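# Observations on chain architecture
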Amino acid sequence: MISLLQRVSEARVEIAGEVVGQIGAGLLVLLCAEPDDTEAVGEKLLAKILKLRIFGDEAGKMNRSLQDIGGGLLVVSQFTLAADTKGGNRPGFTGAAPPALGEALYEAFVKAARSQHPVVQTGRFGADMQVHLVNDGPVTIPLRMVE
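The following paragraphs examine the structure supplied in this document. Residue numbers here run from 1 along each chain, matching the order of that chain's written sequence. With the structure being a predicted model, the display of local features is reserved for residues of pLDDT at least 70 and the display and counting of side-chain atom pairs for 80 or more, all residues being used for whole-chain, interface and lining totals. Hydrogens and waters are ignored; side-chain quantities use all the structure's heavy atoms.

### Here we look at the overall build of the protein
In DSSP terms, a helix is any run of H or I states spanning at least four residues, a strand is any run of E spanning at least two, and both are numbered starting from the N terminus. Looking only at helices and strands, one finds 3 helices and 8 strands in the protein. Written out in order from the N terminus, the α and β elements of the protein read β-β-β-α-β-β-α-β-α-β-β. Counting the 147 residues in the protein, one finds 41% classified as buried. Here the analysis covers contacts within the protein between residues at least 6 apart in sequence; of these, 72% occur between residues at least 24 apart. All accessible-area figures derive from a Shrake-Rupley calculation using a 1.4 Å probe, and residue coverage is judged against the displayed protein chains alone. Of the roughly 7900 Å² of accessible surface on the protein, 50% is carried by carbon and sulfur atoms. Positive charge is attributed to Lys and Arg, negative charge to Asp and Glu, and no charge count is given to His or to the chain ends. We put the charge of a Lys on NZ, of an Arg on CZ, of an Asp on CG and of a Glu on CD. Taken together, the 14 basic and 17 acidic charged side chains of the protein have centroids lying 5 Å from each other. Relative accessible area decides the class of each residue, using a 1.4 Å probe on protein chains only: under 20% of the type maximum gives buried, over 50% gives exposed, and in between gives partly exposed. Only heavy atoms matter for contacts: two residues are in contact if any of them lie within 4.5 Å across the pair.

### Some words on helix α3 (residues 99–116)
Since one α-helical turn is 3.6 residues long, residues separated by three or four positions face the same way. The span you would expect from a helix comes to 1.5 Å times its residue count less one. For α3, which comprises 18 residues, the first-to-last C-alpha distance of 26 Å matches the rise-based estimate of 26 Å (1.5 Å per residue) to within 8%. When α3 is considered as a whole, its buried residues turn out to be Gly102, Leu105, Tyr106, Ala108, Phe109, Val110, Ala112 and Ala113. Those residues of α3 hidden inside the fold are in contact with β3 (26–32), α1 (39–51), β6 (72–77) and β7 (120–122).

### Looking at the nonpolar core
Residues enter a nonpolar core if they are buried and are Ala, Val, Leu, Ile, Met, Phe, Trp, Tyr or Cys, with the set joined through side-chain atoms within 4.5 Å. Of all hydrophobic cores here, the largest spans 27 residues; its most connected members are Met1, Leu27, Leu45, Ile49, Leu73 and Phe109. Counting residues per element, this core draws most heavily on α3, at 6 residues. Counting residues in hydrophobic clusters, the runner-up holds 10 residues, among them Val8, Ala11, Leu74 and Met129.

### Comments concerning the layout of surface pockets
Any empty space left between atoms is shown by rolling a water-sized probe over those atoms. Definitions used for this entry: grid spacing 1 Å over protein atoms alone; cavity, a set of points where a 1.4 Å probe fits but cannot get out; pocket, an open set with protein on both sides within 12 Å along at least 5 of 7 lines; lining residue, one with an atom within 4 Å of a point. Grid points are joined across faces, edges and corners, and a volume is the space filled by probe spheres set on the points. If you add up the space inside the largest pocket, you get close to 390 Å³. Every residue lining the largest pocket is counted, 22 residues in all, and those nearest its centre are Ser77, Gln78, Phe79, Phe125 and Gly126. Within the residue set of the lining of the largest pocket, elements represented by two or more residues are β3, β6 and α3. Partitioned by chemical class, the residues of the lining of the largest pocket number 16 nonpolar, 5 polar and 1 charged. Amino acids outside the nonpolar list (Ala, Val, Leu, Ile, Met, Phe, Trp, Tyr, Cys, Pro) and the charged list (Asp, Glu, Lys, Arg) are all regarded as polar, and Gly is one of them.

### A few points about α1
A rise of 1.5 Å per residue sets the reference length of α1, with its 13 residues, at 18 Å; its end C-alpha atoms lie 19 Å apart and thus fit the reference within 8%. Among the residues making up α1, those that are buried are Val41, Gly42, Leu45, Leu46, Ile49 and Leu50. The arc that holds every buried residue of α1, seen down its axis, measures 160°, which confines them to one face. Considering only its buried residues, α1 is in contact with β1 (2–15), β3, α2 (66–69), β6, α3 and β8 (130–144). This arc corresponds to the set of directions leading from the helix axis out to the C-beta atoms.

### Points about the pattern of salt bridges
Any Lys or Arg side-chain nitrogen located within 4 Å of an Asp or Glu carboxyl oxygen qualifies as a salt bridge. Under the definition given, this model contains 4 salt bridges. Between arginine 7 and aspartate 136 there is a salt bridge; the shortest N-O distance is 3.3 Å. With arginine 7 in strand β1 and aspartate 136 in strand β8, the pair connects residues that are 129 residues apart, well separated along the chain. Under the relative-accessibility criterion, aspartate 136 is labelled partly exposed at 33%.

Right, dumping it as structure tokens:
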């Protein structure tokens, strides 16, 4: 499972001009399932995301996790994280899970996140979304989890 984490001071997802998910300070997680992924892989990734110490403490050092600060988590599906750009100029996306599997794994990830963290918002799987964010830092971290 591939993710791109962005520490944000605020973020929101709009679909056709309607806000469907919004957080204040926290993490925007762009998430892509791969064909061999399982719910267990998503659970390992979630555990890492929730405990990753990328928020500043009193001294400004990255010593606090999302759980430590009680920040929001905005989870957005993004199959393009699996883009293969090795051949030619048009990316291929065969590295992403098929839509049915991708959606099932995304929904399982969100369900697990909601059971473990108090503030979880989402986009909508497969929708044309506009993601607005204010990257704090900026801090952007790619994270990949395999079984």
